[in-house]
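# Coordinates in review
The lines below spell out each chain.
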Amino acid sequence: MYEYDYLIVGSGLYGAVFAHEAKKAGKSVLVIDKRPNIAGNVYTEEVEGINVHKYGAHIFHTNNKKVWDYVTKFAEFNRFTNSPVANYKGELYSLPFNMYTFNKMWGVVTPEEAAAKIEEQRREITGEPKNLEEQAISLVGRDIYEKLIKGYTEKQWGRDCKELPAFIIKRLPVRLTFDNNYFNALYQGIPVGGYTGMVANMLEGIEVRLNTDYLENKAELDALADKVVYTGPVDAYFGFSLGTLEYRSVRFENELLDKPNFQGNAAVNYTDRETPWTRIIEHKWFEFGKDRNGNDLPKTVISREYSSEWKPGDEPYYPVNDEKNGALYAQYKKLAEGEKNVIFGGRLGEYKYYDMDAVIAAALDMAEKELG
Ligand code: FAD
Ligand code: UDP
């Protein structure tokens with residue numbers, strides 16, 4: 001007889017949702033995390049009344065009503081809509097690509113004029129776009145590609161746009177309307193008071209052990225539970241026996257400034273190649289510059305994000321879903337299927353570029369399958 005039905009490795013969204021569902025189904029659950037805090041990459045920490053997104057800015061958005069109904073049980077969401085600004089050598093453009101962007105870039109005023117300009121510039125691409133560069137030019141033309149996409153993408157991924165898959169850029173909307181909403185999503189917002197509280201509510205009544213690395217204490221921890229749900233990197237689980245999967249990592253440089261307003265927006269992307277950071281986040285604007293009582297905050301916290309290739313010891317953030325890594329992951333997946341008492345889930349466990357809503361949907365599906 002084991003002490004717990006499930007040992008859940010990782011208290012990020014996948015682990016927290018699965019843990020919640022398992023407890024609800026009457027199972028005994030132990031959650032562990034190697035970090036000193038719960039919530040994985042969505043962790044937020046309060047600094048001077050501001051909820052700082054410690055592992056990168058997170059904006060919740062979804063078209064999945066089931067997921068929206070689920071998360072809103074654990075937190076109240078505000079009406080935040082992501083509208084980043086692009087800064088190209090001091091020129092400011094609206095994102096995603098819409099009539100405000102086209103007007104600033106080309107001086108066009110009507111949707112017909114914008115469409116004609118894009119059409120003229122995309123002619124250089126004939127046939128199906130083979131890589132991110134061709135895909136971008138075929139979506140928005142060369143001018144926007146050169147000023148708003150090329151530099152940012154090469155900094156973000158550390159690879160030439162010709163070597164990146166086309167699908168990465170297809171995430172961004174292109175609109176012939178005056179609409180700066182970055183996402184095409186029915187539901188969007190930020191949990192009031194930050195994400196950590198939302199995840200804490202999911203984990204209510206569940207035993208959590210922090211600062212506990214599964215792989216360093218595997219035998220001892222495995223002896224505690226009938227089954228394991230593992231949300232860490234799949235290649236690390238197998239001791240990198242088939243080689244290392246590539247990830248992109250991000251370094252955050254945080255600064256507390258003694259002024260109320262640094263950049264007037266939550267996110268400003270630096271799209272030229274020369275600026276070393278990809279973007280600057282000003283966290284207070286996720287909650288409209290107010291504290292929990294609705295008072296204006298006198299100070300501000302900003303984070304510069306520097307993208308880098310992952311190396312051992314760094315946090316793995318983005319799986320690099322290109323062909324080479326896809327093929328290696330397929331081999332790890334086979335190994336994972338052989339581990340009968342382990343469920344591999346989440347962004348790192350499945351090596352998948354999941355957004356929050358997709359990770360929650362995946363955890364709910366797995367819980368349904370597993371717990372009945
Ligand atoms: P994680 O949150 O990574 O949780 C995994 C947990 O496992 C971690 O806490 C880790 O410490 C723990 N762990 C790993 N290995 C071990 C081990 N050996 N022992 C013990 N514990 C271990 N999504 C959106 O929808 N909107 C956004 O705006 C958005 N912005 C993002 C910005 C950045 C910079 C990044 C990196 C991601 C962003 N995402 C966004 C994606 C979002 O972060 C993920 O979808 C989600 O957090 C994945 O949850 P998870 O549980 O799979 O993984
Ligand atoms: N992108 C870009 N310029 C921008 C913002 C995004 O070229 O100002 C590209 C970049 O290649 C990025 C992709 O669009 O990887 C998807 O952007 P998104 O914001 O969805 O990336 P995330 O950081 O959420 O993964």
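All of the points below concern the structure found in this document. What you see as residue numbers is a count from 1 along each chain, following the sequence as written. Lettering for chains starts from A, numbering for ligands starts from 1, and both go in the order in which the items are written. Restriction of local features to residues with pLDDT of at least 70 applies here, the model being predicted, together with a cutoff of 80 or more for giving and counting side-chain atom pairs; totals for whole chains, interfaces and linings are based on all residues. Side-chain metrics in this entry use all non-hydrogen atoms of the structure; hydrogen atoms and water are not considered.

Let us now look at the site of ligand 2. Near ligand 2, the surroundings consist of 16 residues, among which Thr153, Trp157, Arg171, Tyr182 and Tyr353 are the closest. In the analysis that follows, any N or O atom pair within 3.5 Å is treated as a polar contact, provided that within protein one partner can donate a hydrogen and the other can accept it, and provided that, for residues neighboring in sequence, both atoms belong to side chains. A distance of 3.4 Å is found between an oxygen atom of ligand 2 and a backbone nitrogen or oxygen belonging to Ile149. The separation between an oxygen atom of ligand 2 and a polar side-chain atom of Tyr182 is 2.6 Å. Exposure was quantified through the Shrake-Rupley algorithm and a 1.4 Å probe, taking into account, for residues, occlusion by the shown protein chains and nothing else. Contact with the protein chains covers 92% of the free accessible surface of ligand 2, which is 530 Å². Only α6 (142–157) and α7 (167–170) provide two or more residues apiece to the shell around ligand 2. Ranked by the residues each element gives to the shell around ligand 2, the list is headed by α6, at 6 residues. Three categories are distinguished: nonpolar for Ala, Val, Leu, Ile, Met, Phe, Trp, Tyr, Cys and Pro, charged for Asp, Glu, Lys and Arg, and polar for the others, with Gly belonging to the last. For the shell around ligand 2, the class distribution of residues is 11 nonpolar, 4 polar and 1 charged. Here a residue is considered near a molecule or strand provided that any single heavy atom belonging to it is located within 4 Å of it. Labels follow the DSSP assignment, with helices taken as runs of H or I lasting at least four residues and strands as runs of E lasting at least two, numbered in each case from the N terminus.

For the rest of this paragraph, the subject is the side chain of Gln188. Of note, Gln188 is situated in strand β8 (residues 187–189). Note on classification: 1.4 Å probe, protein chains only; a residue is buried when its accessible area is under 20% of the maximum for its type, exposed when over 50%, partly exposed between these limits. Given a relative accessible area of 12%, Gln188 falls into the buried group. A polar contact of 2.8 Å, which involves the side chain of Gln188, links it to the backbone nitrogen of Asn82. A polar contact is formed between the side chain of Gln188 and the side chain of Asn181, at a distance of 3.1 Å. Working rule for contacts: check all heavy atoms of both residues, and any pair within 4.5 Å makes them a contact. Setting aside residues up to four positions removed in sequence, Gln188 forms contacts with Ile59, Phe60, His61, Trp68, Asn78, Phe80, Thr81, Asn82, Asn181 and Phe183.

Before going further, it helps to spend a moment on the pattern of salt bridges. Note on definitions: salt bridges are taken to be side-chain nitrogens of Lys or Arg within 4 Å of carboxyl oxygens of Asp or Glu. Applying the stated criterion across every chain, the model contains 31 salt bridges. The partner of Lys299 in a salt bridge is Glu48, with the nearest N and O atoms 3.8 Å apart. Taken together, the residues span a long stretch of sequence, with Lys299 in the loop between β13 (279–282) and β14 (300–309) and Glu48 in the loop between β3 (44–47) and β4 (50–53) at a distance of 251 residues. Under the relative-accessibility criterion, Glu48 is labelled partly exposed at 45%. Among the salt bridges present, the one from Lys218 reaches Asp222, with a minimum N-O distance of 2.9 Å.

This part takes up the layout of surface pockets. Each pocket or cavity is described by its volume, and for the second largest pocket that value is around 350 Å³. As for the second largest pocket, its lining consists of 17 residues, and the residues nearest its centre are Ala336, Glu337, Ile343, Phe344 and Met366. Taken together, the elements giving at least two residues each to the lining of the second largest pocket come down to α11 (323–337) and β16 (342–344). A total of 4 residues in the lining of the second largest pocket trace back to one element, the largest contributor, which is α11. Tallied by class, residues from the lining of the second largest pocket come to 9 nonpolar, 1 polar and 7 charged. Site definitions follow a grid-based scheme: protein atoms alone, a 1 Å grid, a 1.4 Å probe that fits but cannot get out for cavities, and for pockets an open set with protein on both sides within 12 Å along at least five of seven lines, plus lining residues having an atom within 4 Å of a point. Grid points are joined across faces, edges and corners, and a volume is the space filled by probe spheres set on the points.

This brings us to the sheet that holds strand β7 (residues 91–94). In this description, strands pair whenever DSSP reports at least two bridges between them. Pairing is mixed across the open sheet formed by 7 strands, whose spatial order is β7-β6-β12-β13-β14-β11-β15. For this open sheet the edge positions go to β7 and β15 (318–319), each flanked by a neighbour on one side alone. Sheet topology places strand β6 (residues 85–88) next to β7; 4 bridges connect them, and they run antiparallel. Residue Tyr88 lies in a different strand from β7, and its bridge partner there is Glu91. On the sheet, α6 packs against β6, β7, β11 (247–257), β12 (267–270), β13, β14 and β15 and is oriented at approximately 90° with respect to β6. A fitted line through C-alpha atoms represents every axis, and for helices the fit uses only the stretch in contact; the resulting angles, taken between N-to-C directions, go from 0 to 180 degrees.

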